[in-house]
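# Understanding the architecture of this molecule
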Amino acid sequence: MNSTSSRTRFTRAAVAGIALTGLLSACGGSGDGDPSASGPVTLPFWGWANGQDAVVEAFNASHQDIQLKYTKVTDQLTMQKQLTNAVKAKDAPCLIQNTAEYVTSWVSQGALADITQYVGPSKDKFNPGSWAGSQVQGRVYGVPTSSSPNFTIYRSDVFEKYGLEAPATWDDFIAVGKELNKHGVKITNFAGEDPSTLEVLAMQAGAHWYSIDGNAWKVDFQDAGTLKAAKVIQDIIDTDLNSTLSFADYAAVQRNYDEGGTVTRQISTWQMAGMVQNFTKSYGKWALSPWPAFTGEAPKTPAGTNLTGSVTLVSKQCAHPKQAAEAALWMSTDPAAVKTMASPETGNGVMPALADSDSYVAESIPEKLLGSDYQPAQQVVRDSLGTVTTDWTFGPNWTAMFTELQSGWAKVVSKEQKVTELLAHMQNWTVDDLKSRGIDAKG
């Protein structure tokens, strides 16, 4: 929660054995024929992550037959718009940095190449959650680049000042928030444009907004898990425990955290890079604790919150899918490249998607921010890797659905409507939208 609206999550359920007919309006696939060429093959690559240009430079220096031509896009939302236009114009790049929630949508539009034959043998190099994020129906369309361990970061000095403990449950979170509110301090921030807060709590609570039922998509925004999440969020809003700062003014949001106006975030490793780069007053005053659990339930973290679980996708329009897959694999597995991206100073502070990503924890969290908590914080991150949700499915109209959810979420944050009212609307809207696209769906 509390990140840019680029939100990122990294796992989703594999829906193996179910026919694609009726579930996705179209499916991309690459041909076996890879055009031969004299001289190096040049592959256009679009991305936005800090450090990606350095990785591209290293790849080009170490490969004679394949060269990457990197274009840095502003952010995730800009990427979606530009990629949509490029696909329509039949001018899509070969390689695309993206996040797992969009893979199903792009496959349904016939935009991605099936690269299973090229990368399938490398499956064991990646952790199961991140590998699942590169697939639809058991076919692979990209190479995982990052995982998303999730946890709470909080201002240890403020908590100590008021004699408070880091909240272990969401009930604790609300109770601590009420105590902080007495002192003019907010426990969290709900940005009006970022409904991922609702998504990730629903995910943690066992909800399934999309699932497969026979040959149709089943939509459910009102199951028990979602309603459990909705109650937590509504309680926070009703009792004014949250700030409402928009990430459109990113500097103001970061300043608010730095000055102690808001004192917790549920995040992953990469967001700490932005904190280090923008803070001036609170270095060494932050600590990590586990993501809050629902009372009486075992620890469980969402499959990526608004955090980055990224994949490098291969476009169906790419003339050289084999070489593109090779480049994507190198960028996700070469030790130096992985280390560059894992660091919050040289890269994006992302946790690698590798099966042995534990060894990169120390690289991906900043000692400058955590101070004396730097060592214990590493164990919090390692533990969170073992509690990630693995049964969440992103539907084929995720992009459109999330845009609609954003509009309603803004009204929730401003107290113009209740969370349950938004969920009722999303239930009907999502089913209707899927049907309008020719995709079988039911509520």
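Structure's up top.
Residues numbered from 1 in each chain as written. Predicted model: local features only at pLDDT ≥ 70, side-chain atom pairs only at ≥ 80, totals over all residues. Heavy atoms only, no water.

## Section: the overall build of the protein
When helices and strands are tallied, the protein shows 18 helices and 17 strands. Across the protein, contacts joining residues at least 24 apart in sequence account for 79% of those joining residues at least 6 apart. Carbon and sulfur atoms make up 49% of the accessible area of the protein, which totals about 16600 Å². (Helix = DSSP H or I, 4+ residues; strand = E, 2+ residues; numbered from the N terminus. Contact = heavy atoms within 4.5 Å. Areas by Shrake-Rupley, 256 points an atom, 1.4 Å probe, with all protein chains shown as cover.)

## Regarding unusual backbone geometry
One non-glycine residue, Lys90, adopts positive backbone phi at about 55°. With respect to the helices and strands, Lys90 occurs in the loop between α2 (76–88) and β3 (95–99).

## A short note on helix α18 (residues 419–436)
Along an α-helix, residues three or four positions apart point the same way, because every turn accommodates 3.6 residues. The terminal C-alpha atoms of α18 lie 25 Å apart, and with 18 residues this matches the ideal 26 Å at 1.5 Å per residue to within 8%. What α18 keeps buried is the set Val419, Leu422, Leu423, Met426, Gln427, Thr430, Val431, Asp433 and Leu434. For α18, the arc enclosing every buried residue in end-on projection is 165°, short of the 170-degree limit, so these residues lie on one face. Set apart from the buried face of α18 by more than 90 degrees, the exposed residues are Asn428, Asp432, Lys435 and Ser436. Where α18 terminates, the next one or two residues include Gly438, which has phi positive at roughly 80°. (Expected span 1.5 Å × (residues − 1). Buried < 20%, exposed > 50% of the residue type's maximum accessible area, 1.4 Å probe, protein only. Arc of directions from axis to C-beta.)

## Let's talk about the pattern of salt bridges
Across all of its chains, the model carries eleven salt bridges by this definition. A salt bridge links Asp235 to Lys231, with the shortest nitrogen-to-oxygen separation between them at 3.0 Å. In this pair, Asp235 and Lys231 are both assigned in helix α9 (residues 224–238), four residues apart and thus about one turn of the helix distant. We classify Asp235 as partly exposed; its relative accessible area is 26%. Of the charged contacts in the structure, one is a salt bridge between Arg437 and Asp433, with a shortest N-O distance of 2.7 Å. (Salt bridge = Lys/Arg side-chain N within 4 Å of Asp/Glu carboxyl O.)

## What about the side chain of Ser310?
Among the structural elements, Ser310 can be located in strand β15 (residues 310–314). For Ser310, the residues in contact, after removing those within four places along its chain, are Gln97, Asn98, Thr99, Pro144, Thr145 and Ser146.

## Notes on the state of the cysteines
Within this structure, the stated rule accounts for one disulfide. Here Cys94 is linked by a disulfide to Cys318, with a sulfur-sulfur distance of 2.1 Å. Here the S-S torsion is close to 85°, and the disulfide linking Cys94 with Cys318 is therefore right-handed. With Cys94 in the loop between α2 and β3 and Cys318 in the loop between β15 and α12 (321–333), this residue pair connects regions lying 224 residues apart in the sequence. Judged by relative accessible area, which is 7%, Cys94 ranks as buried. (Disulfide = S-S within 2.5 Å.)

Read these as spatial facts, not as claims about activity.
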